[in-house]
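What the coordinates show
Here are the chains, one letter per residue:
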Amino acid sequence: MRIASAVIVWIVLLVLLGLTLAASFVFSGIIGLTVALSIATLKSGLVFWRYMHGSEVSGLLRIAALGAAFWVFVLFTFVTADYLTRGLS
């Protein structure tokens, strides 16, 4: 059963990779970035849940992983805000 679920997750990751590639040709600008980051977030969640055994860890470790993901979100937000507020001169 464990091998079958790993193969299913791997196939889903390949489908999401194809969606990312297709979205790069279809969408551009901020919409393309939003779609690409959403798909990447879903892929990283699947990798954590299945291959890093996120479904088997204690609640405290899950909270720590969510805290790390939130911190990465905060860092991306500040980097984006810095980039958007700089002058073009």
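Preceding this paragraph is the structure being described.
Not measured: the values here are computed from a predicted model.

**Observations regarding the overall build of the protein chain**
- Assigned secondary structure in the protein chain consists of 3 helices and 0 strands.
- Along the protein chain, helices (α) and strands (β) appear in the sequence α-α-α when read from the amino end.
- For a compact globule of 89 residues, the expected C-alpha radius of gyration is about 12 Å, and the protein chain comes in at 17 Å, more than 25% above that figure.
- In terms of overall dimensions, the protein chain has a C-alpha envelope of 60 × 35 × 15 Å along the principal axes.

**Here we look at the packing of aromatic side chains**
- Counted under the stated rule, the structure contains 1 aromatic pair.
- With centroids separated by 6.5 Å and ring planes inclined at 35°, the aromatic side chains of Phe70 and Phe73 adopt a geometry described as tilted. Note that Phe70 and Phe73 are positioned in helix 3 (residues 59-85) at a spacing of 3 residues, about one turn of the helix.
- Looking at Phe73, the relative accessible area reads 53%, which means it is exposed.

**So, the pattern of salt bridges**
- Under the counting rule described, the total for this entry stands at 1 salt bridge.
- For Arg86, the salt bridge identified is with Asp82, shortest N-O distance 3.1 Å.
- With relative accessibility at 55%, the residue Arg86 sits in the exposed group.

**Concerning helix 1 (residues 2-26)**
- Compared with the 36 Å implied by 1.5 Å per residue over 25 residues, the 36 Å span of helix 1 between its first and last C-alpha is a close match.
- Buried residues of helix 1: Ala6, Val9, Leu13, Leu16 and Ala23, and no others.
- Looking at the buried residues of helix 1, the elements they touch are helix 2 (29-51).

**Looking at the environment of Thr20**
- By secondary structure assignment, the location of Thr20 is in helix 1.
- Linking Thr20 and Gly32, residues 12 residues apart in sequence, is a C-alpha distance of 9.4 Å.
- Not counting residues within four places of it along the chain, the set of residues in contact with Thr20 comprises Ile39 and Lys43.
- A distance of 3.5 Å separates polar atoms of two side chains, one belonging to Thr20 and the other to Lys43.

**Focus on the packing of helix 1 against helix 2**
- Between helix 1 and helix 2, the shortest axis-to-axis distance is 10 Å and the interhelical angle comes to 170°. With respect to their mutual orientation, helix 1 and helix 2 come out roughly antiparallel. When you trace helix 1 past helix 2, the crossing you get is left-handed.
- Each residue belonging to the contact of helix 1 with helix 2 can be placed in one class, and the counts come to 16 nonpolar, 2 polar and 3 charged.

Conventions used here
- Residues numbered from 1 in each chain as written.
- Predicted model: local features only at pLDDT ≥ 70, side-chain atom pairs only at ≥ 80, totals over all residues.
- Heavy atoms only, no water.
- Helix = DSSP H or I, 4+ residues; strand = E, 2+ residues; numbered from the N terminus.
- Rg over C-alpha atoms; globule rule 2.2 N^0.38 Å.
- Phe/Tyr/Trp six-rings, centres within 6.5 Å; stacked < 30°, edge-to-face > 60°.
- Buried < 20%, exposed > 50% of the residue type's maximum accessible area, 1.4 Å probe, protein only.
- Salt bridge = Lys/Arg side-chain N within 4 Å of Asp/Glu carboxyl O.
- Expected span 1.5 Å × (residues − 1).
- Contact = heavy atoms within 4.5 Å.
- Polar contact = N/O pair within 3.5 Å; in protein donor to acceptor, adjacent residues only side chain to side chain.
- Axes fitted to C-alpha atoms, helices over the stretch in contact; angles between N-to-C directions.
- Parallel < 35°, antiparallel > 145°, perpendicular 65-115°, else oblique.
- Left-handed = near helix turned anticlockwise from the far one by under 90°.
- Nonpolar A, V, L, I, M, F, W, Y, C, P; charged D, E, K, R; others polar.

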